[in-house]
Amino acid sequence: MSADDIEDVYELSPLQQGILFHTLYDGDADVYLNQRTFLVDGYLDVDVLLQAWVQTAQAHTILRTSFHWEGLDKPLQKVHRDVPPQISRHDWSDLEDQEARFDRLIAEDLAAGFDPAVPPLQRLHLIQFGEARFGVIWTHHLLLLDGWSVPIFMSDVMRRYASLVFGTPPPEPAPPYRDYIAWLQQQDRKSAKDFWTGSLSGRVEATPLAPLLPADPQRSAGTLDERVVHLPADVENRLRARAARHRVTVNSALHAAWALVLQRYSGSTDVTFGVTSAGRPPELPRVDRMMGLLTNT
């Protein structure tokens, strides 16, 4: 990859640095891979959709980014001028075991992982099950995108698809991720550290679930196991009503429940635990449209 291919170079955000460290430390057990699957019923112009996908990937600098650390004082991210997305098309129209094949491809694609130094750090599989039924598998590394960015990406793809088909206006250019890195570098880190040190009153370690999960500093993160629990509708409605009555979000109510669990199992009345937030500073122009990893912990 030549120097002419490099459009920009800048540092990583603190969270990107942490994720890159764990990605390299944990090796194949990379818990920072995000994968989404979709089923589409109805007419779909596959060629136009893929064209819109390529245009969207080219429009956002973070989707043309790779990460480098060897021989450097600090890791850097490089934005490449042209990074064709990894797109694979599959026609399974005449196959009978479509569901099993789809599940197998989902697992295989996730297991393939990414080398952070080799762009692109996202892949797309588009599967045709029949004349008007399609499957989509989209896998990307968390180094690129946070949860807020995903609907921005999908919205941009759909708006470009509509623009190509119907001539409607395409999405406006979004601010580059570099603007967020520049904003971070302007912050007074010492003042921030002093504030949080005082707020936490010296308690800077998370409350362990000692009876359940003994700490082992030599153990890597390992594989991620996801469990989904569906709340009964009446429980969900009561939870939302209670949160609204106290003028907090449902997320805050769940944090309170988690704090009570930690208190009960640790035996401490003072508990500390980490949470994630959107991390999008309002002083950055059009930050709601920026794609990248802006999440904070």
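Values in this document were obtained by computation on a predicted structure and should not be read as measured data. (Residues numbered from 1 in each chain as written. Predicted model: local features only at pLDDT ≥ 70, side-chain atom pairs only at ≥ 80, totals over all residues. Heavy atoms only, no water.)

**Q** How should I be thinking about the sheet that holds strand β4 (residues 76-80) in this particular structure?
**A** The strands that make up a sheet are held in pairs by hydrogen bonds between backbone atoms, and each pair lies either parallel or antiparallel. Taken in spatial order, the 3 strands make up an open sheet running β1-β4-β3, and their pairing is antiparallel. Strands at the two margins of the open sheet, each flanked by one partner only, are β1 (6-11) and β3 (65-68). Each strand of the sheet is rotated relative to its neighbour by a mean of 25 degrees, with strand direction disregarded. Pairing between β1 and β4: 5 bridges, direction antiparallel. Counterpart to D8 in the pairing with β4 is V79. Sheet strands touched by helix α5 (residues 178-185): β1 and β4. Its angle to β1, the strand with the most contacts, is close to 30 degrees. (Pairing = 2+ DSSP bridges. Helix = DSSP H or I, 4+ residues; strand = E, 2+ residues; numbered from the N terminus. Axes fitted to C-alpha atoms, helices over the stretch in contact; angles between N-to-C directions. Contact = heavy atoms within 4.5 Å.)

**Q** Looking at this structure, how should I read the side chain of R280?
**A** Tracing the backbone shows R280 in the segment after α8 (250-266). Apart from residues no more than four positions distant in its own chain, R280 is found in contact with D146, W148, S149, V287, D288, M290, G292 and L294.

**Q** Looking at this model, I keep getting lost on helix α7 (residues 233-245). Mind explaining?
**A** Helical geometry: 3.6 residues make up each α-helical turn, so side chains three or four residues apart lie on a common side. Compared with the 18 Å implied by 1.5 Å per residue over 13 residues, the 18 Å span of α7 between its first and last C-alpha is a close match. Residue R247 follows α7 closely and has a positive phi angle near 60 degrees. (Expected span 1.5 Å × (residues − 1).)

**Q** Got a minute to help me understand the sheet that holds strand β5 (residues 86-91) in this structure?
**A** Taking strand neighbours across the sheet as the criterion, the 4 strands line up as β2-β7-β6-β5 in an open arrangement whose pairing is mixed. Strands at the two margins of the open sheet, each flanked by one partner only, are β2 (33-41) and β5. Taking each pair of neighbouring strands and ignoring which way they run, the sheet shows an average axis angle of 15 degrees. Bridge count between strand β6 (residues 122-130) and strand β7 (residues 133-141): 8 bridges; the pairing is antiparallel.

**Q** Explain the nonpolar core to me, please; I cannot follow it from the model alone.
**A** One recurring pattern in soluble globular proteins: nonpolar side chains tend to sit buried together. Counting 45 residues, the largest nonpolar core has L63, W138, F153, Y177 and Y180 as its most contacted members. Elements with a minimum of two residues in this core: α1 (14-26), α2 (46-59), β6, β7, α4 (149-166) and α5. At 7 residues, the largest contribution of residues to this core is made by α2. Aside from chain neighbours lying at most four places away, what touches L63 is T56, A57, P120, Q122, L144, L145, F153 and M291. Residues F102, I106, I127 and F129 belong to the second largest nonpolar core, which totals 7 residues. (Core = buried A, V, L, I, M, F, W, Y, C linked by side-chain atoms within 4.5 Å. Buried < 20%, exposed > 50% of the residue type's maximum accessible area, 1.4 Å probe, protein only.)

**Q** Where do I start with the packing of α2 against α4 in this structure?
**A** The contact between α2 and α4 brings their axes to 8 Å, and the two run at 125 degrees. Viewed along their axes, α2 and α4 adopt a mutual orientation that is oblique. Read as a crossing pair, α2 and α4 show a hand that is right-handed. Residues V48, L49, Q51, A52, W53, Q55, T56, A57 and A59 of α2 form the contact with α4, whose participating residues are F153, M154, D156, V157, M158, R160, Y161, L164 and V165. (Parallel < 35°, antiparallel > 145°, perpendicular 65-115°, else oblique. Left-handed = near helix turned anticlockwise from the far one by under 90°.)

**Q** What am I meant to see in unusual backbone geometry here?
**A** If a residue is not glycine, its phi is most likely negative; likewise, a peptide bond is most likely trans. Here the bond from P119 into P120 is cis, since omega is 0 degrees, no more than 30 degrees from zero. When you line up the elements, P120 lands in the loop between α3 (98-112) and β6. A positive phi angle, close to 60 degrees, is found at R247, a residue other than glycine. Turning to its location among the elements, R247 is positioned in the loop between α7 and α8. Phi is positive for R286, close to 55 degrees, though the residue is something other than glycine.

**Q** Teacher, can you tell me more about the packing of aromatic side chains here?
**A** The way to describe two aromatic rings as a pair is by their centre distance and the angle between their planes. All chains considered together, the criterion is met by 9 aromatic pairs. Look at F21 and Y25: their rings are 5.7 Å apart centre to centre, the planes differ by 10 degrees, and that puts the pair in the stacked class. Of this pair, F21 and Y25 both sit in helix α1, 4 residues apart, which is roughly one turn of the helix. Taken together, a centroid distance of 5.7 Å and an interplanar angle of 40 degrees make the contact between Y177 and Y180 tilted. Classification of Y177 as buried rests on a relative accessible area of 1%. Given the relative accessible area of 6%, Y180 is considered buried. Through pairs of rings, three or more aromatic residues link up here, namely W53, W138 and F153. When the ring centre of F114 is taken as origin, the NZ or CZ atom of R123, which lies over that ring, is 4.2 Å away. (Phe/Tyr/Trp six-rings, centres within 6.5 Å; stacked < 30°, edge-to-face > 60°. Lys NZ or Arg CZ within 6 Å of the ring centre and 35° of its normal.)

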